[in-house]
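The residues making up each chain are set out below.
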Amino acid sequence: MKSPQTFTYLFLQNSQDFASSNAMTQQLQDEFDSSVENAEAWMKAIQERLSINDNTKGPRSALEARLRETEKIRALEPEGSLKIDSILVKADAALRSISEDKKHEILSKLKDIKALWEETAIYITHCHSRIEWVWLHWNEYLKAQDEFYTWIHNMSVTLEPDIELQLGLKEKQWQLSHAQVLLNDVLNQSVLLERLLEEAASLFSRIGDSSVDEDVQKKMKVEYEKIREQAENRVNLLKKITKEHEQYSANVGQFQSWLNGVTERLNSCIGEATESSAEDKLKALKEIAKNIRSGGKKLDQLEDECTNVIENTSPLGAERMKDELEMLRKALEKLKLLHSEEEKRLLKIQESESAYESQARQLEADIKVLRKYLQKLENHLEPGEGEKTEDEFVTLWRKCNATRAALAAEESNVERLKAQLKELLQFSQDVHPHTESVVSAIQQYQSVRGKTSKMSTDTETELRRLFQNPLLDFERWKPSVQMLLETPEPALTHIEAALAESSRFKEKFMTLQLKKDLLNNVLGEEKAKTFLQEVAEASKKREIIHESLMQSKRTIQHFDAGFAPLQKKLSAIRAKLDLEKELKPDLLGKKTQLQRLQMIQDDLAELVTQMEEVEKLVQSNTTHKHEMNQLSSDSQALKIALKMMIQQSEERIQKHCAYKDKLSDLQQWIKLTTDTFEPYQGAEGDQNNEGQVADLKRWLAELPDKEMQLCLVKASGKLVMENSSPEETAHVQAELDQLEESWRQLKKMETRVLKTWQLSKPVIDSKKKIEFVDRRWISGPVFHHSDVDPNHKQERIEEGQHTSSHLKLLHEFEEWLQGEKKKLTKILDVPSSSTEEIKTRKSKLEELQSRVPDGQRLFEDLLHNQPLTEYSEDLEDLRYQWMLYKSILKESMSTLSPGTSEEPDRFRKKRLRNSPGLSLKDLGVKCLK
C-alpha cells in the first residue's frame, strides 16, 4: 500500500510535467500569432500598392508605368504562398499541443488569414489583368485606326473622277456593276468603323485620354460618311442611267413584239380561206384599230424616252437609237393602211346576218339558264346513301318544300320559251335544233317537279315515325328497370347502366319538347299538341324512376367505398409479411426486420379498427355481412402469424447478441493473453523472480475457465447458424474456425511457457478463481493476517524501506522513458520528403536506439528491486510502455518513410494508468478496442 508521501511526490511530479507542457504550448501559439501578424501586414502592404496602381486613366506612358508596377507585384505572389504555408505548419504544431477550448481561436485566425490571402491573390491577378488588357486593347485600336485612314485615302482617289458616257446598255451595266462593288466595300467597312468607334468609346471610358475622345470618334465617322455618300451618289446616278436605258430597250422590244402580233392578226382577218363570219372579222378589226391607235401613242412615248437616254449615251450610240425608231414608225403607217381597206369590205356583209343570229342566241341563252337552274334544284334534293338521323330528315323535308316553291315560280319562264320559239319560225333558216332544245327543257321541268312531290311525302312519313320512337322505347324500357329495382341486391354496374339510359331518355324528351314548331308543321297543330302531352307524362315517370335508381346506387357505393380499401390494405399487409419470411444475413438485418414487423403489427391494428367501423354499416345486408366476416377471419389469422414471427425474430436477435458478446470477450482475452505470454516464450525461466512467476500463474489459472467459455461460444454460434441465411452461416462458421485456431495457438504457447519456466499446469476451481480475481484485480493488493501481527512489525519496517527504494527507481525510469518518448515523437512529427531529411531522421533514431540497452538495464534493476510480497500495477503499466516504445522505435528504424507520427495515440495508455479500479488487463482491452 502506498504512503501519503508517495502520493504527494507523484502529484508534484505531474504538476511539473504539466507546467513544462504549458510553456511549450504557449511558445507554439506565440510563433503562430507572430507569423499571422507578419503575413497580414505584408498582405495589407501589397493591397495598398495595388490600390495605388489600380487605375487605367491617363496617357499611354502612365498606363505602361502602372503595368510594369503590377508585374512586379505579381512576381511577389509566391512569397505570399510561402508565408501561408509557414502559418499552416505552425498552426498544425500549435493545434497538436493545445487544449480543445483554445483550438477554436487558432482555427478562426487561420480561417481569417486564408481568406485575406485569397482576397489579396485575387486582387493581384485582377488588377494586373485589367491594366494589361487595357494596354493591349489600346495597341490594337491604334493599329486598326491606321488601317482605316489608309482605306479612306485609297477610296477617295478611286471615287474622284467623273462618270464616262457609254455606247450602249451592256456597257452601262458593266459600269454600274463596278460602282456597286466599290459601294459594297464601303458598306462593309461600316462594320469595322462601328467596332473601331466602340473600341474608342470603351478605351475612353477606361483611360480618359484625348486621343480616343468623342471629337476623334466624330472625325472618323464624318470622313467615312463622306466616302459612303460619294459611293452611293455614284451608284444611284449609274442606276438611274442604266434603268432608263433598260426601260427604253424593254419598251422598244415590247413595241416590236406588239407590232408583229397586230400584223399577224390583221393578215388572218384578210385571208379568204377563213371560216369566221363577217361580224367576227369586224370585231377583230375594231380591236386591231384600237391597238394601232395605242401603238402610235407608244411610239411617241418611245421618242420622248429616247431623247432622255441619248443625254447619257455616247454620240455613236445616240445615232443608232434614232435610226431604230424611224424604222418602227414606217412599219406602223403601213399597218394602218391595210386595216382601213379590210374594214370597209366587211361592213357590207354584216347587215344581212344580224337579225336571225340575235334572236336565236337569246333563245339558247334562256334555255341554258333554265336547264342549269333545274339541274341545281335536282342536285339539291339528292337524299344520299345509308340510314339518316332525325336532323337529316328534317333538313331534307325543308329542302323539298323550298324546291316545290321554286318550281312554281319557274313556270312563267317555261311559257316564255314557247313564245320565243314561235317568233323564230318566221325566218328562213333551219330552226329544228332550237325546237329540240325547247322540248328537252320542258320535259326536264316536269321530271323535277314529280320527283320533289314524291320525296316530300316520304320524308313526312319517316319524320312521324322518328318522333314516336322515344316514347315507344321508354315504354319497353320501364319493365326491366322495375325488375332491377325490386332485386334485393342489385349490381352497381346494372344500376349505373340504367341511370345512363335514363339520362339519354331525358335528353330525348327535352329535345322533342323544344321542336314544337317543327311538330306543328309535320303533324299538324292538333296531333302535335296531343303528342307533346304524352311526352310530358313520360318525362314525369322517368324522373320518378331516376330518383329510385340514384337511391339504390348511393346505398351500394357506401359499402364499396369502405370495403374495397380494407380488402386492398389487408392484401398489402399480407404481401409485406410474406417478404419478411426469408432469413437475414446479419444482426443489423435481423433488427431491421423486427422493426418492420412491429410496423406491420401497428398497420394491422389500425386495419382492425377500421373494419369494426365498416361492420356497423352492413348489419341489414346478408351478402355484405358475409364478406366482412370473411375479411375479419383473414385478419385474425394474419395477426396470429405476425405475432409468432415477432417472437421468433426477438429470440433470434437475443441469441445473436449473446453470441457476439461472448465471442468478443473471449477474442479480447485470447489476444491479451497471447501478448502477455509472448515475452516469456524465448526467455529462460528464472525461478527466483517471484513477480514474473506470479504473473504467469495468474494468467495460466484462467485458461480452464476460458476453455469452458469457448465451448459456450461454439454452442451459441450453432444456435445463430440455425436461424441465419447461408451467407451469415458461412460468416459465423469462419469466426468460430478463427477462434478455434487462436485457441490452439494459445494452448501451444501455454505448453512452451510451462516447459520454459518449469511450472505445473494449473487446475483451479471456478469459484476460487472468481474470488481471486475479485480480490487481486479489482479490490487492489492482498492483505495477509501477518500484516496485523505485532511479531512482524520489524519485518514491515524493513519491507517499507525496500519499497521506498523501489518507488524511487520506478519514478526515475518513468521520467527517463517519458523523455525518450518525447524525443521520438518530435522526430516522427517532422515530415521527411528529401534524401537529406531522411538521413537526418535516421541519425536521430540511431542515437535513440543506442540508448535502449541502458534503458533495459534500468528496467531489469527495477524488476529485481520489486518487493516479493506486493503486486505493482504501476510496474506492469510501465513494462507495457517500455515494450511499446521499443516496438515503435524499431518500426520507425525499419520504414523511415515520410508522414506524421501516430505516437500520441500509441502512448495514450499512460493517461489511463492512474484511473482507480483499472488493471493491466483492462488497459489491454482498451488498447485493442
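Residues numbered from 1 in each chain as written. Predicted model: local features only at pLDDT ≥ 70, side-chain atom pairs only at ≥ 80, totals over all residues. Heavy atoms only, no water.

Chemist: Would you mind going over the overall build of the protein with me for this structure?
Modeler: Looking only at helices and strands, one finds 27 helices and 0 strands in the protein. Of all 929 residues assigned to the protein, the portion counted as buried reaches 35%. Once local pairs closer than 6 in sequence are excluded, the contacts in the protein between residues at least 24 apart make up 81%. Working note: accessible area of the protein is about 56,500 Å², and carbon and sulfur atoms make up 53% of it. (Helix = DSSP H or I, 4+ residues; strand = E, 2+ residues; numbered from the N terminus. Buried < 20%, exposed > 50% of the residue type's maximum accessible area, 1.4 Å probe, protein only. Contact = heavy atoms within 4.5 Å. Areas by Shrake-Rupley, 256 points an atom, 1.4 Å probe, with all protein chains shown as cover.)

Chemist: Sorry if this is basic, but what is going on with the pattern of salt bridges here?
Modeler: Opposite charge on two side chains makes pairing possible when the charged atoms of those side chains draw close. Overall, the coordinates contain 24 salt bridges when judged by the stated rule. The partner of Glu415 in a salt bridge is Lys418, and the shortest N-O contact between them spans 3.7 Å. You can see Glu415 and its partner Lys418 sitting in helix α11 (residues 411–424), 3 residues apart, about one turn around the helix. Overall, the relative accessible area of 34% leaves Lys418 in the partly exposed class. The closest approach of N and O atoms between Arg851 and Glu847, which form a salt bridge, is 3.4 Å. What makes Glu847 partly exposed here is its relative accessible area of 45%. What emerges from the salt-bridge pattern is a single network uniting Glu820, Lys823, Glu847 and Arg851. (Salt bridge = Lys/Arg side-chain N within 4 Å of Asp/Glu carboxyl O.)

Chemist: How should I be thinking about the environment of Ser742 in this particular structure?
Modeler: Counting through the fold element by element, Ser742 comes out in helix α20 (residues 726–757). A sequence separation of 71 residues divides Ser742 from Lys671, and the C-alpha atoms of the two residues are 8.4 Å apart.

Chemist: How do you make sense of the packing of aromatic side chains when you look at a structure like this?
Modeler: Working definition: an aromatic ring pair is given by the centre-to-centre distance plus the angle between the planes. Here the structure, examined in full by the defined rule, presents 11 aromatic pairs. With a centroid separation of 5.6 Å and an interplanar angle of 75°, the aromatic rings of Phe813 and Trp882 are classed as edge-to-face. With Phe813 in helix α22 (residues 793–829) and Trp882 in helix α25 (residues 873–895), the pair connects residues that are 69 residues apart, well separated along the chain. Given the relative accessible area of 2%, Phe813 is considered buried. Relative accessible area serves as the criterion here: at 1%, Trp882 is assigned to the buried category. Clustering of aromatic rings is evident, with ring pairs tying together Phe813, Trp816, Phe859, Trp882 and Tyr885. (Phe/Tyr/Trp six-rings, centres within 6.5 Å; stacked < 30°, edge-to-face > 60°.)

Chemist: Quick question: what am I supposed to make of the nonpolar core here?
Modeler: The nonpolar side chains of soluble globular proteins are, as a tendency, buried together. Counting 53 residues, the largest nonpolar core has Met43, Ile87, Ile113, Tyr141, Phe148 and Trp151 as its most contacted members. Taken together, the elements giving at least two residues each to this core come down to α1 (4–53), α2 (60–75), α3 (77–97), α4 (100–159), α5 (169–207) and α6 (214–270). Ranked by residues supplied to this core, first place goes to α4 with 18 residues. With sequence-adjacent residues up to four places away left out, Ile87 is seen in contact with Phe32, Ser35, Val36, Ala39, Leu110 and Ile113. (Core = buried A, V, L, I, M, F, W, Y, C linked by side-chain atoms within 4.5 Å.)

Chemist: Is there a simple way to think about the environment of His494 in this case?
Modeler: Position of His494 among the secondary structure elements: in helix α13 (residues 492–514). Along the sequence, His494 and Leu549 sit 55 residues apart, while their C-alpha atoms lie 9.9 Å from each other.

Chemist: I would appreciate a short explanation of the confidence of the model for the protein in the present structure.
Modeler: Note that predicted coordinates carrying low pLDDT should not be read in detail. Here the protein averages 76 in pLDDT, and 81% of its residues register 70 or above. This model gives residues 763–797 a pLDDT under 50, and the stretch forms 28 contacts once residues within four places in sequence are excluded. Segment residues 897–929: pLDDT under 50, and 61 contacts once partners within four positions in sequence are set aside and those in other chains are kept. (pLDDT = per-residue confidence, 0-100.)

Chemist: Honestly, the environment of Thr676 in this entry has me stumped. Any pointers?
Modeler: Here Thr676 is to be found in helix α17 (residues 622–681). Overall, Thr676 belongs to the buried group, its relative accessible area being 15%.

Chemist: Help me out: how do you make sense of the packing of helix α19 (residues 703–722) against α20 in this one?
Modeler: The description of two helices packed together rests on the angle between their axes and the distance between the axes. Packing of α19 against α20 brings their axes to within 10 Å, and their N-to-C directions diverge by 170°. Taken as axis vectors, α19 and α20 run roughly antiparallel relative to one another. You can see that α19 and α20 cross each other, and the crossing is left-handed. Within the contact between the two elements, α19 uses Leu703, Lys706, Glu707, Leu710, Val713, Lys714, Gly717, Lys718, Val720 and Met721 and α20 uses Thr729, Val732, Gln733, Leu736, Leu739, Glu740, Trp743, Leu746, Lys747 and Glu750. Partitioning the contact of α19 with α20 into residue classes produces 10 nonpolar, 3 polar and 7 charged. (Axes fitted to C-alpha atoms, helices over the stretch in contact; angles between N-to-C directions. Parallel < 35°, antiparallel > 145°, perpendicular 65-115°, else oblique. Left-handed = near helix turned anticlockwise from the far one by under 90°. Nonpolar A, V, L, I, M, F, W, Y, C, P; charged D, E, K, R; others polar.)

Chemist: So what exactly am I meant to see when it comes to the side chain of Thr673 here?
Modeler: On the secondary structure map, Thr673 appears in helix α17. Engagement of the side chain of Thr673 in a polar contact is seen with the backbone oxygen of Trp669, the distance being 2.7 Å. Filtering out sequence-adjacent residues up to four positions away, Thr673 remains in contact with Trp699 and Leu746. (Polar contact = N/O pair within 3.5 Å; in protein donor to acceptor, adjacent residues only side chain to side chain.)

Chemist: How do you make sense of α11 when you look at a structure like this?
Modeler: In an α-helix, one turn spans 3.6 residues; hence positions three or four apart end up facing the same way. Every buried residue of α11 is listed here: Val414, Leu417, Gln420, Leu421 and Leu424. Across the axial projection of α11, the buried residues extend over an arc of 115°, all falling on one side. (Arc of directions from axis to C-beta.)

Chemist: Would you explain the packing of α5 against α6 in this entry?
Modeler: At their nearest, the axes of α5 and α6 sit 9 Å apart, and the two run at 160° to each other. As judged from the angle between their axes, α5 and α6 are roughly antiparallel. Judged by the twist between their axes, the crossing of α5 over α6 is left-handed.

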